[in-house]
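Notes for the structure review
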Amino acid sequence: RHGQADDMAQADLVIAPETAIPLLPDQLQVSTERDDRLRGLLDSLCFGIALCNVEGRVQWVNRQATALLAPGAALCLQGDHLYGRSAQDTQSLLAALSAAFRAGSQRVGYLRLGDGPQALHVAIRPGDDPASLMLVVSSAAVALELPAGALENLFGLTPNEARLLG
């Protein structure tokens, strides 16, 4: 009898994975479609979003961030790292990233880099992943077309912080 129970358990183990396998491609497709929709939404925003670590190593950017962080900009994405136009701007960025990282999720840091039409506003907030920071990048010459309330909700800003960004 004990041998039959072992045989039944083994049969269940063999059948269970076979019935689960067809679910995996469907789940993967749903996940991929959701990721594509999210990527499309983030790429349609009028401001840049970049995820990086405390050293300025970029993990992900949306389309607008790629445009804003082009060569010659006040803040530039070279390879997978962010650099200011000058060494001083790079140091200011790294100091702001470090301060936001140490402060935790309750603090949003702000930075203005560059002058004139190339100047950028950068809001820095710790991400959900403890090793990542979210940067919201916008041209200082162009006002964001988002209501302050939307900025407050999206990024956990105070009303005054949202007004500074908008």
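As the structure is a computational prediction, the values presented were derived from the model and not from experiment.

Definitions and cut-offs
- Residues numbered from 1 in each chain as written.
- Predicted model: local features only at pLDDT ≥ 70, side-chain atom pairs only at ≥ 80, totals over all residues.
- Heavy atoms only, no water.
- 1 Å grid on protein atoms, 1.4 Å probe; cavity = no way out; pocket = protein on both sides within 12 Å on 5 of 7 lines; lining within 4 Å.
- Points joined across faces, edges and corners; volume = space filled by probe spheres on them.
- Helix = DSSP H or I, 4+ residues; strand = E, 2+ residues; numbered from the N terminus.
- Nonpolar A, V, L, I, M, F, W, Y, C, P; charged D, E, K, R; others polar.
- Core = buried A, V, L, I, M, F, W, Y, C linked by side-chain atoms within 4.5 Å.
- Buried < 20%, exposed > 50% of the residue type's maximum accessible area, 1.4 Å probe, protein only.
- Contact = heavy atoms within 4.5 Å.
- Expected span 1.5 Å × (residues − 1).
- Arc of directions from axis to C-beta.
- Pairing = 2+ DSSP bridges.
- Axes fitted to C-alpha atoms, helices over the stretch in contact; angles between N-to-C directions.

**Here's the deal with the layout of surface pockets**
- Its volume calculated, the second largest pocket comes out at about 190 Å³.
- D35, L38, R39, L42, I49, L51 and W60 together form the lining of the second largest pocket.
- If you list the elements that add at least two residues to the lining of the second largest pocket, you get helix 2 (23-43) and strand 1 (48-52).
- Take the lining of the second largest pocket: its biggest share by element is 4 residues, from helix 2.
- Here the lining of the second largest pocket is composed, by residue class, of 5 nonpolar, no polar and 2 charged.

**Comments concerning the nonpolar core**
- Membership of the largest hydrophobic core comes to 21 residues, with the highest contact counts inside it found for L75, L82, I124 and L135.
- Broken down by element, the residue count for this core peaks at 4 residues, all from helix 4 (residues 87-103).
- What I124 contacts, discounting residues up to four positions off in sequence, is A96, L97, A100, R107, V108, G109, L133, M134 and L135.
- Core analysis: the second largest hydrophobic core is formed by 9 residues, I49, V108, L157 and A162 among them.

**Examining helix 4**
- With 17 residues, helix 4 extends 24 Å between its outermost C-alpha atoms, agreeing within 8% with the 24 Å of an ideal straight helix rising 1.5 Å per residue.
- Taken as a whole, helix 4 has its buried residues at D89, T90, L93, A96, L97 and A100. Angular distribution of buried residues about the axis of helix 4 spans 130°; they occupy a single face of the element. Turned more than 90 degrees from where helix 4 packs its buried face, A87, Q88, Q91 and R102 sit exposed.
- On its buried side, helix 4 packs onto strand 1, strand 3 (75-78), strand 4 (81-84), strand 5 (109-113), strand 6 (120-126) and strand 7 (133-139).
- Downstream of helix 4 by one or two residues, G104 has phi in the positive range, about 80°.

**A word on the sheet that holds strand 1**
- In spatial order, the strands read 2-1-7-6-5; together these 5 strands make up an open sheet with antiparallel pairing. The open sheet has two edge strands, strand 2 (58-61) and strand 5, and neither has a second partner. Along the sheet, successive strands turn relative to each other by an average axial angle of 25°, direction set aside.
- Sheet topology places strand 6 next to strand 7; 7 bridges connect them, and they run antiparallel. Looking across to strand 7, one finds that H121 is bridged to S138.

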